[in-house]
Number of protein chains: 2
Amino acid sequence: MSQQTKFILPESEIPEAWYNIQADLPRPAPPVIHPGTLQPIGPDDLAPLFPMALIMQEVSQERYIEIPDPVLDVYRMWRPTPLFRAHRLEKYLDTPAHLYYKYEGVSPAGSHKPNTAVAQAFYNKEEGVRAIATETGAGQWGSALSFATNVFGMDCEVYMVRISYQQKPYRRSMMNAWGARVYPSPSEATGVGRAALAADPDTTGSLGLAISEAVEVVATSGGAKKYSLGSVLNHVLMHQTVIGQEVIKQMEMAGEYPDIMVGCAGGGSNFAGFAFPFVREKIVNGRDTRIIAAEPSAAPSLTKGQYVYDFGDTSKMTPLMKMYTLGHSFIPAPIHAGGLRYHGMAPLVCHLYDMGYIEARAVRQNPVFDAAVTFARTEGIIPAPEPSHALRVAIDEALKCKESGEKKTIVFHVCGHGHFDMAAYDAYFAGGLPDYDYPEEEVERALAELPQIA
Amino acid sequence: MSQQTKFILPESEIPEAWYNIQADLPRPAPPVIHPGTLQPIGPDDLAPLFPMALIMQEVSQERYIEIPDPVLDVYRMWRPTPLFRAHRLEKYLDTPAHLYYKYEGVSPAGSHKPNTAVAQAFYNKEEGVRAIATETGAGQWGSALSFATNVFGMDCEVYMVRISYQQKPYRRSMMNAWGARVYPSPSEATGVGRAALAADPDTTGSLGLAISEAVEVVATSGGAKKYSLGSVLNHVLMHQTVIGQEVIKQMEMAGEYPDIMVGCAGGGSNFAGFAFPFVREKIVNGRDTRIIAAEPSAAPSLTKGQYVYDFGDTSKMTPLMKMYTLGHSFIPAPIHAGGLRYHGMAPLVCHLYDMGYIEARAVRQNPVFDAAVTFARTEGIIPAPEPSHALRVAIDEALKCKESGEKKTIVFHVCGHGHFDMAAYDAYFAGGLPDYDYPEEEVERALAELPQIA
């Protein structure tokens, strides 16, 4: 073997700006609109929830937005992240393809989420905000924001979906280790939480309800607290582009350019961060790369959803965004990839999909875990269930190359480790993992409840 | 801030040889002796358990032993590991000291253990061994060997102390992910296991019993299986010296040389791997560094033990080794740092301590977790309980520098992450962590049972 395995950039090569793909779009993305007026929403509509700097980033048309030094100083704790050549996986698959993967699991929270959490905490701090509230499902986002607020000496409260709070106690412990307060949602701390508990004391909670609790806390704080989101929004996706910008340099080190790129997509932020700098190469420089979003068959928004205006949350509190959606009331099956259980998709990802710059593929749970275990046994890293969707698609593409004899360069994104997901591996090894097919009836039901926009 | 945070070596700088401190000792370490004959044991005594290459390494006087290419190829999956400047911890402590830490938590198993597991699996494979049996307490060693045997396509069976098997199910899941079979010890798979279960069906097991099971499996395998140990032995310590050799180069990058080095010590392998290359600098080049082994007050072998011949295990199956020991029948309190719950210490570490090249300090559990949380909240990494002992001592030394105004360079070793130890953090946050003082009576009792050697 004895070939180079890791492509590591020096600290001086951490990108100094985030890349804003809005500057390079052949046509602008459809605006976010107010559900009452149906008019595009403006900065003032968002000001109660977010600091102005982030609201401005949300609508900015600047191609590059400089990363503040205090954010770069935090990024230096783990960035640049490694790009690996998957020599052992190639050999195992006996494929002529060259496989590379970017790995964000080296961050303190173990995923890509801190890239935006740190930026969001910083801008809030700059505008005098001392406390942030958020929700978390499986706990990746909550732990990333706990880490980030702690770095800047801020208060953090996390509303964690009750069933995850009970099933993933160690994600909660991690947030505690960074000083955050974590509430099982629904909680006694908010009005909506108390109402939900009164209606059903045994409720397991939902992400929609947890969002409602965090937003209530912010709305009733008299401006003292702000809200923070871990995916979907334009500025969140933009913060993640440090990933793909590093990959461009690392692939230069490797002396190859990707024929195929694969990332998993739930809300869309890790996919966007990985892929958008390469989408720019397609748009601006005409470079030819197939860019594939891997999604679960249990929540196949891109492959089976409709491209229409819909709410971002189940409780219809957000503005309306044009996106590929299964309907805001869609309830995904309880797959272990909690981060991919979303009815919609980031509007910018959807816009690029609609224009044909990216593809999508839906994969089922057991084949995903087959790929995860193959990866663990060849490359050593135990991946989280979410990026294992990308692994499945990348392995399938490598096997096609074996069939055809093509020596393609395939680059995929392993956005987090699975150290807090071992119960999912246990279920897989016990043979008890359900395979959820496309939930046709549930999608039909939910799509019938879409808001009617002219 | 904006100063360099990480000192990263290129892959080409992975050490190409292990450093064998036996070549540089001013006087040789006392021999290991047979408990029956009291004569030094020879290679043939060990041949049933270990491959000859490792037995030869155990007694080698060569200064450097070349690392085989297939082992280097595996090391490349995560080595060289990073050295960090702890800027944020320095600032928090308000100390003039410069703090650096080596971090082995980036390995697949999350600790330094794979450095020797990979080497041991390789040499076994070279000599035709297809299967290895071992024991594990908290699971760090078992998961490292599972990873390593999987890489070389070997079979692995792990006897995991029953209480850990029940309390740390996710360490077991990790071993399963790498294809190992894991048995709660005592198990029905061995004679000693069945006997122990017959005597007490509810036994929680012990490391001594788990060793007995693994050794029985090997002894009754007709030579098909070998045994593997994760610490204490000379060759195990030597394999870990890739750590300290990298630190030497990384401190050159940083332009400083350590005044103080701190590692935790249970069996002694992570401490030795980190420190021995610097001990060589003391012995050979007269460089002046204080090198401190941090041990738990609940198992203070160096600071409170006697330097005598004793068995390495509780069941008196090993040869006799001269070491600082609390007595092989000593039962340490159930501190969360399972990797430091050992009655003795690696003979080479003891020999250097006896000659005055290294120091030792015992620390209590709650101050250790205070240090762990301080580290998590400043440097972002959630450390395992074991290296948090080193953290405690390093922080104490940094605070002394604050008192005295001295600008010392302090380098410590964070040998693993705490992602599988979050229950210990929960107990700490709940205020329920006992502080175990030096167990004087238990040590007196156990020392009275030492073997009587003239």
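Keep in mind it's a predicted model, so treat the numbers as computed, not measured.

### Here we look at the pairing of strand 13 (residues 320-325) of chain B
All names here are of chain B.
Then comes step 1: Extensive coverage of strand 13 is indicated by the burial of five of its six residues.
Then comes step 2: Looking at chain direction, strand 12 (residues 306-311) and strand 13 are connected through six bridges and run antiparallel. The residue bridging Phe-311 from the neighbouring strand is Leu-320, located in strand 13.

### A short note on helix 2 (residues 52-59) of chain B
Residue and element names in this part refer to chain B.
Then comes step 1: All of the buried residues in helix 2 are Leu-54, Ile-55, Gln-57 and Glu-58. The buried residues of helix 2 occupy an angular sector of 160 degrees when the element is viewed end-on, so they sit on one face.
Then comes step 2: On its buried face, helix 2 is in contact with strand 2 (17-19), helix 1 (43-46), strand 3 (64-66), helix 5 (114-126) and helix 11 (234-239).

### Description of unusual backbone geometry
Then comes step 1: Residues Ser185(A) and Pro186(A) are joined by a peptide bond in cis, for which omega reads 5 degrees.
Then comes step 2: Positionally, Pro186(A) belongs in the loop between strand 8 (181-185) and helix 9 (191-199).
Then comes step 3: Positioned with a positive phi, Asp94(B) is a non-glycine residue whose angle comes to about 55 degrees.
Then comes step 4: Within the secondary structure, Asp94(B) sits in the loop between helix 4 (87-93) and strand 5 (98-103).
Then comes step 5: For Asp94(B), a relative accessible area of 53% translates into the label exposed.

### Details of the domain arrangement of chain A
Residue and element names in this part refer to chain A.
Then comes step 1: Domains assigned within chain A are domain 1 (6-13 + 68-110 + 235-447) and domain 2 (113-234).
Then comes step 2: Centre-to-centre separation of domain 1 and domain 2, based on C-alpha positions: 24 Å.
Then comes step 3: Facing the 36 residues of domain 1 at the interface are 30 residues of domain 2.
Then comes step 4: The contact between domain 1 and domain 2 buries some 2700 Å² in all, and 64% of this surface belongs to carbon and sulfur atoms.
Then comes step 5: Across the pair Lys-168 and Asp-421 runs a salt bridge whose closest N-O atoms are separated by 2.8 Å.
Then comes step 6: Our count for the domain 1 to domain 2 interface comes out at 16 residue pairs in polar contact (both at pLDDT 80 or more).

### A look at the nonpolar core
Then comes step 1: In terms of nonpolar packing, the biggest core is built from 125 residues, with Trp18(A), Tyr75(A), Phe276(A), Val349(A), Leu352(A) and Phe412(B) touching the most fellow members.
Then comes step 2: Looking at this core, the element that brings in the most residues is helix 13 (residues 269-285) of chain A, giving eight residues.
Then comes step 3: Setting aside anything within four residues of it in sequence, one finds Val349(A) in contact with Leu237(A), Gly268(A), Phe271(A), Ala272(A), Phe276(A), Leu302(A) and Ile358(A).
Then comes step 4: Core analysis: the next-biggest nonpolar cluster, separate from the first, contains 124 residues, Ala376(A), Ile382(A), Val242(B) and Phe420(B) among them.

### Some words on the packing of aromatic side chains
Then comes step 1: Enumeration over the complete set of coordinates arrives at 42 aromatic pairs over all chains.
Then comes step 2: Ring centres of Trp18(A) and Tyr123(A) lie 6.3 Å apart, and the angle between their planes is 55 degrees; this geometry places the pair in the tilted category. Of this pair, Trp18(A) sits in strand 2 (residues 17-19) while Tyr123(A) sits in helix 5 (residues 114-126), and the two are 105 residues apart along the sequence.
Then comes step 3: By relative accessible area, which is 10% here, Tyr123(A) ends up buried.
Then comes step 4: Taking 5.9 Å as the distance between ring centres and 55 degrees as the angle between the ring planes, the aromatic pair formed by Phe122(B) and Phe152(B) counts as tilted. Here the residue Phe122(B) occupies a position in helix 5, and Phe152(B) occupies one in the loop between helix 6 (140-151) and strand 7 (155-161), the gap between them amounting to 30 residues. For the residue pair Phe122(B) and Phe152(B), the accessibility class agrees, reading buried in each case.
Then comes step 5: Taken together, the ring pairs in this structure connect Phe84(A), Tyr101(A), Tyr103(A), Phe375(A) and Phe412(A) into an aromatic cluster.
Then comes step 6: Lying across the ring of Tyr165(A), Arg172(A) places its NZ or CZ 4.6 Å from the centre.

### Concerning the environment of Arg377(B)
Then comes step 1: As for its placement among the helices and strands, Arg377(B) is situated in helix 16 (residues 365-379).
Then comes step 2: Residue Arg377(B) is classed as partly exposed on the basis of its relative accessible area, which comes to 32%.
Then comes step 3: With 288 residues separating them in the primary sequence, Arg377(B) and Leu89(B) have C-alpha atoms 8.6 Å apart.
Then comes step 4: If we ignore the near neighbours within four places in the chain, the residues touching Arg377(B) are Asn150(A), Asn176(A), Ala177(A), Trp178(A), Gly179(A) and Phe429(B).
Then comes step 5: At 2.7 Å, the side chain of Arg377(B) and the backbone oxygen of Ala177(A) are in polar contact.

Each value, and the rule that gives it
- Residues numbered from 1 in each chain as written.
- Chains lettered and ligands numbered in written order.
- Predicted model: local features only at pLDDT ≥ 70, side-chain atom pairs only at ≥ 80, totals over all residues.
- Heavy atoms only, no water.
- Buried < 20%, exposed > 50% of the residue type's maximum accessible area, 1.4 Å probe, protein only.
- Helix = DSSP H or I, 4+ residues; strand = E, 2+ residues; numbered from the N terminus.
- Pairing = 2+ DSSP bridges.
- Arc of directions from axis to C-beta.
- Contact = heavy atoms within 4.5 Å.
- Domains from an automatic or database assignment.
- Buried area = accessible area lost by both parts, 1.4 Å probe.
- Salt bridge = Lys/Arg side-chain N within 4 Å of Asp/Glu carboxyl O.
- Polar contact = N/O pair within 3.5 Å; in protein donor to acceptor, adjacent residues only side chain to side chain.
- Core = buried A, V, L, I, M, F, W, Y, C linked by side-chain atoms within 4.5 Å.
- Phe/Tyr/Trp six-rings, centres within 6.5 Å; stacked < 30°, edge-to-face > 60°.
- Lys NZ or Arg CZ within 6 Å of the ring centre and 35° of its normal.

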